[in-house]
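Each chain, letter by letter, is given below.
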Amino acid sequence: MKKNFLFCLIALFLMAACNNDIDDKISKKKTNPRTNTTPNAADQRITITPLTDSSSEALGGRQRGTDPNDLPSAYNFNRQVLITFSDTDVRVEGAGSITVHKNQAHLSLSSSEQNVEYILSGHSSSGSFNINSAHPYKLTLQNLNLTHDNAVIKLNNTEKAFLNIPAGTSSSLTCNIFSNDDENIAAIYSLGTLILTGAGNLSLQTEKASGIFCQKTLRVALSAEALLNINADKDALRAKNAYIGDGGSLTLNTQGARNGNHTISVTNGYIIINQGNYNLNARSNALTTASSQQTIDPYITINGGTFAISAWTKGIASPSIVTLSNAKMNINSIDFALQGDKGIYINQGKYFIESTSKNAIKSNLLFTLTAGRTFLRSGGTETPINVPSSGTFEIKAGTLLAIGGRPEQMATLKEGSQITFAFSHNFPPHTLLHLREGEREVLTYSLSYLSCDYLLFTSGKLLPNKRYDLYQGGTVTEGVEENKLYKSGFYKAGTHVTFFTTNKTLNP
């Protein structure tokens, strides 16, 4: 990448203790920073005001995965087959020419009928349902409770299936497998595309198996009030071609089991999430894609929704491009929190992204911010943003606050980026940081439990051709904060650290 040094603001005068941390392009003039403070700064009561989040045109993935044929309204499921389970039996009504095979509470159907809705209800501690259909169909779970030592519901056809969870119902499926090396086993297995609809509740519990495994596309198009709860010993939701999220509240957990893996995994395709409420607790990665074919792009595009992600490995990971837009997201991971090997775009939304041992953001090619408010935090000595020197780092607009270790041989900001302040200095945990221009507050932020050696900040509150003073310590009264960022209250100064002007072109 061209070594263009952009509109990035670095403290020009640092305390003697941190002079060695300045970029080589900056003069090593030694100055006592306290002599540069404004008169009676310690006595001033500065009003804290909200950040200004600038915005520009959204970039990155725009895929939404729209398919009219994935809507139940595109079909006329006007024939019903009623299936009722009990502990030792299953009753079938309205089967007609559909082939029925029963073995106690285990039912297998083979159908060439069109427009059929199968309604499953009842309870069995040893029951299962298998179907092979030549046409798309609807499978409605009407307060169904089944337990089996293999797949509980197995859809053995390549035709599209609609799994309906009606409002006011609550169903549960338990898959207990005590010895299993088959990666395809799940509480719900589908050979074809599977679409979840409805406004009810569904709970899945598995031992040595995934929650839902779909060999084609898995689409969750639940209503906002619907609840999908999965505790899985392997992947919670696994699809081969694609996962598309169009609504519902999903609580997916793979942390409590011995073999727990990802919460949402696509093994040879992409992830698109348009809306929904996601609570993901992953033993491995939370959202992850892969590809075994060069013709398939394993991107991740998030167009909305709320996300609470806790991952023992990676939060969101793709070998392709990751795009975040119009979402509210909190990621806490041990490994990389957000990884997009071919690029990462963050557009409108609110994002708190943290890794306790690696980079908050990792890309081999580029990272671009266009809007929204993003907090990045990395533990230890790792830099919050890891883009190689050959890559592209660009801030078109938005608010970004990144703390962690100082970047080494990383990409510099692209020419034309928004005014940015980058500063290397050791700040201990719980340090209160305050940035102002005269008596105008720009940033008041507490570091919480992590120390940091590097701070990068950009916002529409930074203006060109102005002088700014950075303080640490001090006090906040009547303060209101969110994610340790104060948006109101009053600040009284602590120790003056440095000052800088916003008319320099330097390397962060």
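Along each chain, residue indices are assigned from 1 in the same order as the chain's sequence is written. Local features in this predicted model are restricted to residues of pLDDT 70 or higher, and side-chain atom pairs are both shown and tallied only at a pLDDT of 80 or more, whereas totals for entire chains, interfaces and linings draw on every residue. For the side-chain quantities, the full set of heavy atoms in the structure was used; hydrogens and water were omitted.

1. So, the overall build of the chain
This is how the line gets drawn: What counts as a helix is a DSSP run of H or I of at least four residues, what counts as a strand is a run of E of at least two, and both are numbered from the N terminus. Buried residues are those whose accessible area, probed at 1.4 Å on protein chains only, stays under 20% of the maximum for their type, while exposed residues exceed 50% and partly exposed ones sit between those limits. Note on areas: Shrake-Rupley with a 1.4 Å probe; residue coverage comes only from the protein chains shown.
When helices and strands are counted, the chain shows zero helices and 45 strands. Put simply, the chain has 508 residues, and 57% of those count as buried. Within the structure as shown, the chain displays about 19,600 Å² of accessible surface, and the carbon and sulfur contribution to it stands at 45%.

2. Brief notes about the environment of Arg 91
Applicable threshold: Identification of polar contacts relies on pairs of N or O atoms within 3.5 Å, with a donor-acceptor requirement for protein atoms, meaning one able to donate a hydrogen and the other able to accept it, and with residues adjacent in sequence counted only if both atoms are side-chain atoms.
Mapped onto the elements, Arg 91 comes out in strand β4 (residues 89–93). When its relative accessible area of 47% is taken as the criterion, Arg 91 is described as partly exposed. C-alpha of Arg 91 to C-alpha of Gln 104: the two residues are 13 residues apart in sequence and 9.9 Å apart in space. There is a polar contact of 3.4 Å between the side chain of Arg 91 and the side chain of Glu 93.

3. As for the layout of surface pockets
Defined as follows: Cavities and pockets were defined on a 1 Å grid built from protein atoms only: a cavity is a group of points that admits a 1.4 Å probe but offers it no way out, a pocket is an open group of points flanked by protein on both sides within 12 Å along at least five of seven lines, and a lining residue is one with an atom within 4 Å of any such point. Grid points are joined across faces, edges and corners, and a volume is the space filled by probe spheres set on the points. Classification used: nonpolar for Ala, Val, Leu, Ile, Met, Phe, Trp, Tyr, Cys and Pro, charged for Asp, Glu, Lys and Arg, polar for all others including Gly.
By volume, the second largest pocket amounts to about 200 Å³. Together, 14 residues line the second largest pocket, and Lys 328, Lys 350, Phe 352, Glu 482 and Asn 483 are the ones closest to its centre. Only β28 (327–333), β31 (349–355), β34 (373–378) and β44 (485–492) provide two or more residues apiece to the lining of the second largest pocket. Grouping the amino acids of the lining of the second largest pocket by side-chain chemistry returns seven nonpolar, two polar and five charged.

4. Some thoughts on the nonpolar core
The tendency in soluble globular proteins is for nonpolar side chains to be buried side by side. Note the threshold: Definition of nonpolar core: a set of buried residues of the types Ala, Val, Leu, Ile, Met, Phe, Trp, Tyr and Cys, connected through side-chain atoms within 4.5 Å. By the convention used here, residues are in contact when the closest approach between their heavy atoms is within 4.5 Å.
In this structure, Tyr 118, Tyr 243 and Ile 316 are the most contacted members of the largest nonpolar core, which totals 93 residues. Residues contacting Ile 316, with those up to four places away along its chain left out, are Leu 287, Ile 300, Ile 302, Ile 309, Val 322, Leu 324, Met 329, Ile 331, Ala 337, Leu 338 and Gln 339. Leu 435, Val 442, Tyr 445 and Cys 452 belong to the second-largest nonpolar core, a separate cluster that totals 24 residues.

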